[in-house]
Amino acid sequence: MTYAITQTCCNDATCVAVCPVNCIHPTPEERAFGSTEMLHIDPRACIDCGACADACPVDAIFPVDSLSAGQREYADINAAYYEGGEPAPGTTEGPNFHAWGEPVFGRSLPSDFGPLRVAVVGTGPAGMYAAQDLLLHTAAEVTLIDRLPVAGGLVRYGVAPDHPATKKVGETFSRFHSHPRVRMHLGIEVGRDVTAEELAAHHDAVIYAVGASTDRRLGIPGEDGPGCLSATSFVAWYNAHPEAVAQSVDLSAERVVVVGNGNVALDVARILVADPEALAGTDIAAHALEALRASRVREVVVLGRRGPEDAAYTRSELLALKHLPGVELVVDDHDPRTGAAIDASGAGDRAALLRGLARVRTDAVAPTTPDGAARRIVLRFHSGPVEILGDGDVRTVRVTDGGGGAVDLAAGMLLRAIGYRGLPVPGLPFDEASGTVPHEGGRVAGLPGGYVVGWIKRGPSGGIGANRTCAAETVGTLLADAVAGALPAPTGDARAFRRLARRRNRRVVDARGLAAIDRAERDRGRRDGRPRVKLATVEELVATARAGRLPRLSR
């Protein structure tokens with residue numbers, strides 16, 4: 001029996017480090033690492049030890065013979081990665097069946113290297129991988145800062161609620177929240193409560209892990225009208241982000257158009273047509289669950305400007321749609337290039353995943369779903385939005401037909417999912433073209449002691465696990481600067497910064513407050529048979545942190 005890596009692979013390569021026979025690839029040392037959608041286990045070399053499954057932070061690794069019906073394809077996906085290649089040369093000396101290279105030590109700190117005081121701005125995966133690296137490999141004291149009064153970032157507010165295994169990586173990070181060398185200041189925003197200069201004055205170095213919090217725009221008429229939302233805000237809405245709770249999402253129309261064909265586009269399409277009762281067992285926002293139960297949406301049309309061979313979604317996310325109960329996944333064949341690309345695709349091509357799906361013509365007036373499927377998702381390639389039409393609300397989305405013309409699709413909402421974009425951080429340089437902070441190996445240009453990690457560093461690319469390698473580079477640069485004496489000496493200490501933060505914002509949440517929030521949300525979840533019920537407003541979060549218990553809610 002061998003193991004296989006499945007849909008929720010986070011690519012952080014924890015499994016690679018524990019594999020005794022080096023059968024998981026690509027490794028962080030290999031060129032393909034970071035460019036493949038997931039890691040793969042070589043079935044010819046796997047010795048069924050289970051070490052990878054035990055170490056996986058997102059429960060993505062299972063024995064092949066225990067894969068569910070929806071996961072069985074992953075056994076073939078893992079095996080196909082190694083087709084045509086020879087297993088690594090073996091050895092008869094010792095228990096390891098694969099040859100290993102010479103050990104490499106990328107960092108070397110002097111024996112008298114003293115503890116640093118480092119602030120990490122942002123508690124999502126990028127920031128927490130950086131904090132983890134510092135805490136495990138140095139004697140650094142880490143100050144965790146987030147503009148929201150709760151930690152988690154992308155894991156809490158970006159991962160779809162029906163991907164609970166992916167959210168488990170948050171448990172890996174949360175063990176550092178109460179680390180004896182960590183101080184938390186949640187609810188503090190750089191540029192609003194403290195300046196970048198003040199932050200630097202109290203720390204040897206500052207790592208900014210603020211992500212890419214806004215979205216790219218379509219630039220078409222009608223985009224600013226009601227009913228046209230960014231996928232960013234829609235995801236925040238169903239994940240109980242405090243800044244999206246009051247947002248109005250109208251699900252009274254039968255069709256929604258989603259622009260974009262990346263993983264986020266598939267996420268929002270899936271949530272829109274999924275069975276609300278299946279979502280009721282997740283941590284989806286209560287207000288979103290109520291709206292989805294009353295939803296009239298029956299069809300989601302996903303627009304992609306290019307063909308199926310160039311789709312941006314990962315194979316695993318598309319496969320998840322193919323196994324969604326009560327939902328039919330179809331391909332719009334309005335453009336002959338779409339069918340031709342699918343028919344000509346090779347076994348390993350992305351377009352090959354669409355073989356066997358029904359090919360339809362999207363009805364311009366109203367969605368039609370076949371017998372046996374209450375709802376459906378239509379993948380429409382070689383088509384993009386031209387204009388959004390309506391009298392106050394979205395009524396029609398004009399889209400290209402692939403032949404130089406355009407057609408009008410009746411729809412009640414349009415979601416744009418064409419990519420994220422970083423925002424400037426007050427006090428830091430910013431590249432408007434890329435939406436990132438200029439840097440060299442993570443070192444902010446022209447700002448000694450300032451560093452970046454994650455999407456604000458490299459742009460909105462790569463999933464959760466990609467931040468581990470990214471953080472290692474940034475922390476390595478920081479430590480090299482410290483050894484070289486290139487870090488400015490702070491003028492204030494940790495106690496002075498705590499006083500400053502409390503003076504600027506009386507609602508700061510610390511580690512004990514965060515633990516109280518976690519207990520309250522889990523308690524609410526147990527009452528409803530859910531993993532947790534999130535507190536959805538800043539007021540609820542702060543009150544719970546202060547009191548250590550769930551606040552009284554008006555009925």
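Every value quoted in this text rests on a predicted model; they were computed, and no experiment measured them.

J.: Any chance you could break down the nonpolar core for me, citing the residues and the numbers?
T.: Ranked by internal contacts, the top residues of the largest apolar core, which has 120 residues, are Ile-24, Ile-207 and Tyr-238. Not counting chain neighbours up to four residues away, the residues in contact with Ile-207 comprise Val-118, Ala-119, Val-120, Val-121, Ala-130, Leu-134, Tyr-451, Val-453, Thr-474, Val-475 and Leu-478. Counting 21 residues, the second largest nonpolar core, distinct from the first, contains Ile-188, Val-206, Val-425 and Val-437.

J.: I'd love a proper account of the packing of helix H10 (residues 263–273) against helix H13 (residues 315–322), names of residues and values included.
T.: Contact pair H10 / H13: the axes reach a minimum separation of 10 Å and the direction vectors enclose 20°. Of the possible angle classes, the one that applies to H10 and H13 is roughly parallel. Crossing geometry of H10 relative to H13 is assigned as left-handed. Of the residues in H13, those touching H10 at Asn-263, Leu-266, Asp-267 and Arg-270 are Glu-317, Leu-318 and Leu-321.

J.: Pulling in residues and values, what's your account of the packing of helix H3 (residues 73–80) against H13?
T.: Interhelical geometry of H3 versus H13 gives an angle of 160° and a closest axis separation of 12 Å. Classed by the angle they form, the pair H3 and H13 counts as roughly antiparallel. Between H3 and H13 lies a crossing of right-handed hand. Note on element contacts: H13 touches H3 through Ser-316, Leu-319 and Lys-322, opposite Glu-73, Tyr-74 and Ile-77. Broken down by class, the residue content of the contact of H3 with H13 amounts to 3 nonpolar, 1 polar and 2 charged.

J.: Could you give an account of the sheet that holds strand E16 (residues 385–389), naming the residues involved and the relevant values?
T.: Strand order in the open sheet made by the 3 strands is E16-E17-E18, with antiparallel pairing throughout. Since the sheet does not close on itself, it has two edges, and those belong to E16 and strand E18 (406–410), each with one partner. The mean angle between the axes of side-by-side strands here comes to 20°, regardless of whether they run parallel or antiparallel.

J.: Before we move on, could you go through the pairing of strand E6 (residues 141–146) and cite the residues and values that matter?
T.: Among the 6 residues that make up E6, 5 are buried, leaving the element largely enclosed by the rest of the structure. Bridge count for strand E5 (residues 117–121) against E6 is 5 bridges, and the pairing is parallel. Within E6, the residue paired with Val-120 across the bridge is Leu-144. Each parallel crossover has a hand, and the one from E5 via helix H4 (residues 125–137) to E6 is right-handed. Of the strand pairs in this sheet, E6 and strand E7 (residues 182–186) are connected by 5 bridges, and their pairing is parallel. Looking across to E7, one finds that Val-142 is bridged to Val-182.

J.: Break down unusual backbone geometry for me, with residues and values.
T.: Going from His-25 to Pro-26, the amide bond is cis rather than trans, its omega being -5°. The topology assignment puts Pro-26 in the loop between strand E2 (24–25) and strand E3 (40–41). The backbone of Asn-22 sits at a positive phi, close to 55°, despite the residue not being glycine. Its location among the elements puts Asn-22 in the loop between helix H1 (14–18) and E2.

J.: Can you explain helix H16 (residues 466–483)? Please cite residues and give values.
T.: Its 18 residues give H16 an end-to-end C-alpha distance of 26 Å, which sits within 8% of 26 Å, the value for a rise of 1.5 Å per residue. Taken together, the buried positions of H16 are occupied by Asn-467, Cys-470, Ala-471, Thr-474, Val-475, Thr-477, Leu-478, Leu-479, Asp-481 and Ala-482. Taken from the residues just after H16, Gly-485 is the one with a positive phi, measuring 75°.

J.: I'd like a description of the confidence of the model for the chain, backed by residues and values.
T.: Model confidence for the chain is summarised by a mean pLDDT of 90, while 94% of its residues fall at 70 or above. Segment residues 88–92 is flagged for pLDDT under 50; beyond a separation of four residues in sequence, or across chains, it makes 7 contacts in the model. Scored below 50 in pLDDT, residues 549–555 shows 11 contacts in the model against residues more than four places distant or in partner chains.

J.: Tell me about the sheet that holds strand E14 (residues 358–360), and please be specific about residues and values.
T.: Note on sheets: strands pair through backbone hydrogen bonds, and any given pair is parallel or antiparallel. The parallel open sheet is built from 7 strands, whose spatial order is E10-E19-E11-E12-E15-E13-E14. Among the strands making up the open sheet, the edge pair consists of strand E10 (228–230) and E14. Averaged over all adjacent pairs, the angle separating strand axes in this sheet is 25°, with direction ignored. Taken together, the 5 bridges between strand E12 (residues 299–303) and strand E15 (residues 375–380) define a ladder with parallel strand orientation.

J.: Please give an account of the environment of Gly-225 that cites residues and values.
T.: Structurally, Gly-225 can be placed in the loop between strand E9 (214–215) and E10. As for Gly-225 and Asp-391, which are separated by 166 residues in sequence, their C-alpha atoms are 9.4 Å apart.

J.: Account for the pattern of salt bridges, naming residues and giving values.
T.: Applying the stated rule across the entire model yields 37 salt bridges. Asp-215 serves as the salt-bridge partner of Arg-416, at 2.5 Å between the closest nitrogen and oxygen. Here Arg-416 is found in strand E19 (residues 413–416), whereas its partner Asp-215 is found in strand E9, with 201 residues between them in sequence.

Calculation criteria
- Residues numbered from 1 in each chain as written.
- Predicted model: local features only at pLDDT ≥ 70, side-chain atom pairs only at ≥ 80, totals over all residues.
- Heavy atoms only, no water.
- Core = buried A, V, L, I, M, F, W, Y, C linked by side-chain atoms within 4.5 Å.
- Buried < 20%, exposed > 50% of the residue type's maximum accessible area, 1.4 Å probe, protein only.
- Contact = heavy atoms within 4.5 Å.
- Axes fitted to C-alpha atoms, helices over the stretch in contact; angles between N-to-C directions.
- Helix = DSSP H or I, 4+ residues; strand = E, 2+ residues; numbered from the N terminus.
- Parallel < 35°, antiparallel > 145°, perpendicular 65-115°, else oblique.
- Left-handed = near helix turned anticlockwise from the far one by under 90°.
- Nonpolar A, V, L, I, M, F, W, Y, C, P; charged D, E, K, R; others polar.
- Pairing = 2+ DSSP bridges.
- Right-handed = clockwise from strand over helix to strand, strands pointing away.
- Expected span 1.5 Å × (residues − 1).
- pLDDT = per-residue confidence, 0-100.
- Salt bridge = Lys/Arg side-chain N within 4 Å of Asp/Glu carboxyl O.

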